[in-house]
Each structure stands twice: as structure tokens, then as C-alpha cells.
Number of protein chains: 2
Amino acid sequence: MQLTYKGKTKDVYSLEDGNYLLRFKDDVTGENGVFDPGANTVGLTIEGVGRAGLSLTKFFFEKLNAEGIPTHYVDADIENATMTVKPAELFGNGLEVICRYRAVGSFLKRYGMYAKEGQALDAFVEVTLKDDAKGDPPINEDALDMLGVLTKEEYKELKELTQKIGGVVKEELAKKDIDLYDIKFEFGRIGENKHIALIDEISGGNMRAYKNGEYIEPLQLEKLMLSK
Amino acid sequence: MQLTYKGKTKDVYSLEDGNYLLRFKDDVTGENGVFDPGANTVGLTIEGVGRAGLSLTKFFFEKLNAEGIPTHYVDADIENATMTVKPAELFGNGLEVICRYRAVGSFLKRYGMYAKEGQALDAFVEVTLKDDAKGDPPINEDALDMLGVLTKEEYKELKELTQKIGGVVKEELAKKDIDLYDIKFEFGRIGENKHIALIDEISGGNMRAYKNGEYIEPLQLEKLMLSK
């Protein structure tokens, strides 16, 4: 087992069988000690957040796999905060795909002229480039195609998958009276046929969830979601 | 004749017959005395630039009108630096529609991870909101539709018109061995049937043009284009 990549919130090890092991850390993105799923820096360390994030990721990925929605998930070891995943090829140097149900965060920062805070959005999908130096710029379908990052057919599939997976998460949260405002996914190409699959994680760290109008911190979200 | 709007590079007067009069000023957008068609501030004043911009605008709008491409242009009075136009309704609070043939400017700033400076782009169209405070953020087709700024059919028409008009400008420049790198348009809805038409201007102030690899300043471009 060899460390191949040290990420902001996860480290990646390569396994002998060709799969990868992701170790979830207790670091979350944010700025000046305040959690922000849209941030590019580690803002704070919260003990237990790695294991909690993995627990929720396991919950959602197993649900998605059971529904036949392609993911990179193989299995998870909560105690050691690790998850085994299939190898995936990124689109370019990586994309973030955001599904929005309410106008908050960077959407509001950009489009505040036309949207009110918290305004309902109809599972709006947008893609940003993973490029910390340029602040993860939004990019449209035509540019992705022209720059060779994603074909138009792949964009269509990515958008449909995003809305489908976002819908699954939204529905699960709703069972606990929690509102999903937005969620960020990563995708890659998997297997010999290079089909598009969800990669990375689904945890409190990449979504904004609210209960009775109050924002729920990642650790609290994971407790609420996984309690019987 | 009543002043109804003082713009960065043009003032707008309402006429008694319902049309408007645009007075082209000698101010161009830029920063710290350097011209930049993508800037939101007046960067410098160049004597004669208003009349030169109007001359080129007249040249292109009359060409477009003759080709049956809808514009707001009625006529121009070069001596007084004024242009008479039909009233137009903006999309939301105004959009900028950019057509790119080479990667420079804000495209390169955003997508430099995937594009080299000057790389050929295939008449790539993107839309930004006219919102100085937010730095004219790019916005995609789905968001424009969802926020009620532009329907999907209007987006399609806008994109086609943009590529058509960009093509006309590019071809005219090519006749003088000038390369069009990018150009910025504004559109509005005109007439009782609210058809989409080109508004504003087509001058050196809203395009980047190069000759033998050298950038051509607006005033110089207008001289090259209108010389016999």
C-alpha cells in the first residue's frame, strides 16, 4: 500500500489489486475556522469528522450502488476511516459538479442580481473547474467540449446523473426533515468501457443542509442522518 | 430630446418619435490608462474615438441590416457623433454575449489550465451578466432560463445570431488582413413581436483585433477598416 496523493480532506493509497484506498482525515474545507463546502483551503480540524464523513458516504454509496447508479465505491472500514474504491480517470484535471435546490453560496455571490437568498432552484446543475489558483471558475457545456474536457454527450449524462444522485440525497435528508440546499459531486470514468461514475464522497463536507431554517454542521448532519 | 441615461462610453437621449439617440463619447473602457474591452471602468479618453467608433458601428450595422440581420440601427450622424436607434428591451438588466476565436482576456484568466494564450477557439459563445459590482459573472443557459432572463429558445437564437454577426465582422476584418480574436455584443428585444436584435455598437472598443500578431488599438482599427 503506497501513498499516492495527499488531499485536503483525504489521503489516497494505491492497493496491489489496482484499487485505491481513501483515508478520510479530520480536516474540513473553510476559511478562518469557519466551515465552507465551497472553500479551497482546510479551514478547521474537527475530531471524528473523517469517520463521520465516511459513515455517511458509505450509507449513500451503498444506496446508490443498490439502485444501479454507478459509483467508484467498493467497501468501507469505518474504524480505520478508510474506503476502498475502483480506479477512476478524471475529466481533465477534475471537475466539481454542483446541484442546487436553493440559492446560497457562490451562486448567490454571482447571480444575486436575479436571485434572493434561499430562493428555490430547480435542481440546477453547474460545473466548475477544480483549479484552486483560479477560484474554481464556472464553465459551460460548449467550453468543456471545445477544451476537450467533456463531450456534449458526456455533459448530458453527467447532468442527468447529478440530478438523479442529488434527488436520492435530497429524499434521504427529507426523511429526517432536513432540507438539502446544494451539493457538490465529483465524477470520473471507470472500468474498461469508461462509463461515468460518481467518485470522491457524499458527506456533510460537500453539501449545505438546513433543518427548520437553521444550517446543520457536517458532524451534526451525520449524527442526524445515521441515528436510528 | 431628453437625456435618459449617462453610460460609460455613450449617453442616451429619448426622441419624440419613440426612438433613441446615442451620443458616442471619447471615453473607452480600461484600467489605469490602458484600453481593455472587458473592463468595467473608463480607463482613458482618446480624442476622436467616439466618432471613429460610430463610423465603424455605422459600417457594420448597415452591412448587417442589408443582410437582413436584425439590429436596432436607424441612422448615424458622424459629425455630431450620434446614432438613432429603435427602442429595445434588455434581457434582465442586460447581458454581454462574447464570441471568441482565440483564447485571450477573461477566457484565458478562467480557463488557462486548459487553453494556451492565442489558441484557436471555434466561435465559442458565452454570456455574462452586466453587473459591474460582481465583475460581470459568466452564466450558463440553464441558469439564464431558471432566473427568467432568457428562455432556452432565446438562448439558442442568441447564440446563432452571435456566431453569424461575429462571422460577418471576422470576414470584414480578414479583408484587411486583420484577425478577430474576440468580440462582445449586446442584444435586446425589438418591435411589437419582440424579436431579438443586436443593440449597442460594433467598434474597436468591444473587440480584440490583431494584425501580424500585434494588437491593434481601437482608433487604429477604425482607420485601417475605413480607409479605402
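Coordinates for the structure precede this section.
Quick caveat: nothing in here was measured; it's all calculated off a predicted structure.

Next up on the list: the packing of aromatic side chains. Taken as a whole, this structure holds 14 aromatic pairs over all chains when the rule is applied. The interplanar angle of 15 degrees and the centroid separation of 3.8 Å between the aromatic rings of B:Tyr181 and B:Tyr210 together place this pair among those described as stacked. Of the two residues, B:Tyr181 sits in strand β13 (residues 179-190) while B:Tyr210 sits in strand β15 (residues 207-211), which places them 29 residues apart along the sequence. Judged by its relative accessible area of 15%, B:Tyr210 is buried. Above the ring of A:Tyr101, the side-chain terminus of A:Lys170 is found at 5.2 Å from the ring centroid. It is B:Lys10 that lies over the ring of B:Phe24; its NZ or CZ is 5.2 Å from the centre.

Taken as a whole and assessed by the stated rule, the structure comprises 42 salt bridges over all chains. Across the pair B:Glu201 and B:Lys10 runs a salt bridge, and its minimum N-O distance is 2.3 Å. You can see B:Glu201 sitting in the loop between β14 (195-199) and β15 and its partner B:Lys10 sitting in strand β2 (residues 10-14), a full 191 residues away along the chain. Here B:Glu201 falls in the buried class, since its relative accessible area comes to 9%. Judged by its relative accessible area of 9%, B:Lys10 falls in the buried class. The residue B:Glu172 makes a salt bridge to B:Lys175 at a minimum N-O spacing of 2.9 Å. Assessed through its relative accessible area of 9%, B:Glu172 is described here as buried. Among the ionic contacts, a cluster of salt bridges with common partners joins A:Arg100, A:Arg110, A:Glu126, A:Asp182 and A:Arg208.

The next subject is the environment of A:Ala120. Residue and element names in this part refer to chain A. Structurally, Ala 120 can be placed in strand β11 (residues 120-129). Through-space distance from the C-alpha of Ala 120 to that of Asp 136 is 24 Å; in sequence the pair is 16 residues apart. Contact partners of Ala 120, with chain neighbours within four places excluded, come to Tyr 101 and Arg 102.

Turning to the pairing of strand β3 (residues 20-24) of chain B, a few remarks are in order. All names here are of chain B. With five bridges joining them, β2 and β3 adopt antiparallel strand pairing. The partner of Ser 14 across the bridge, within β3, is Tyr 20. The turn linking β2 back onto β3 is made up of five residues, and Gly 18 within it adopts a positive phi angle of 95 degrees. For β3 and strand β8 (residues 82-85), the ladder comprises four bridges, and the chain directions are antiparallel. Its bridge partner being in β8, Leu 21 is matched across the sheet by Thr 84.

What follows deals with the sheet that holds strand β4 (residues 27-31) of chain B. Taking strand neighbours across the sheet as the criterion, the three strands line up as β5-β4-β6 (chain B) in an open arrangement whose pairing is antiparallel. The two strands at the open ends of the sheet, each matched to only one other strand, are β5 (34-35) and β6 (42-45) of chain B.

Conventions used here
- Residues numbered from 1 in each chain as written.
- Chains lettered and ligands numbered in written order.
- Predicted model: local features only at pLDDT ≥ 70, side-chain atom pairs only at ≥ 80, totals over all residues.
- Heavy atoms only, no water.
- Phe/Tyr/Trp six-rings, centres within 6.5 Å; stacked < 30°, edge-to-face > 60°.
- Helix = DSSP H or I, 4+ residues; strand = E, 2+ residues; numbered from the N terminus.
- Buried < 20%, exposed > 50% of the residue type's maximum accessible area, 1.4 Å probe, protein only.
- Lys NZ or Arg CZ within 6 Å of the ring centre and 35° of its normal.
- Salt bridge = Lys/Arg side-chain N within 4 Å of Asp/Glu carboxyl O.
- Contact = heavy atoms within 4.5 Å.
- Pairing = 2+ DSSP bridges.

By themselves, these figures tell us nothing about what the structure is for.
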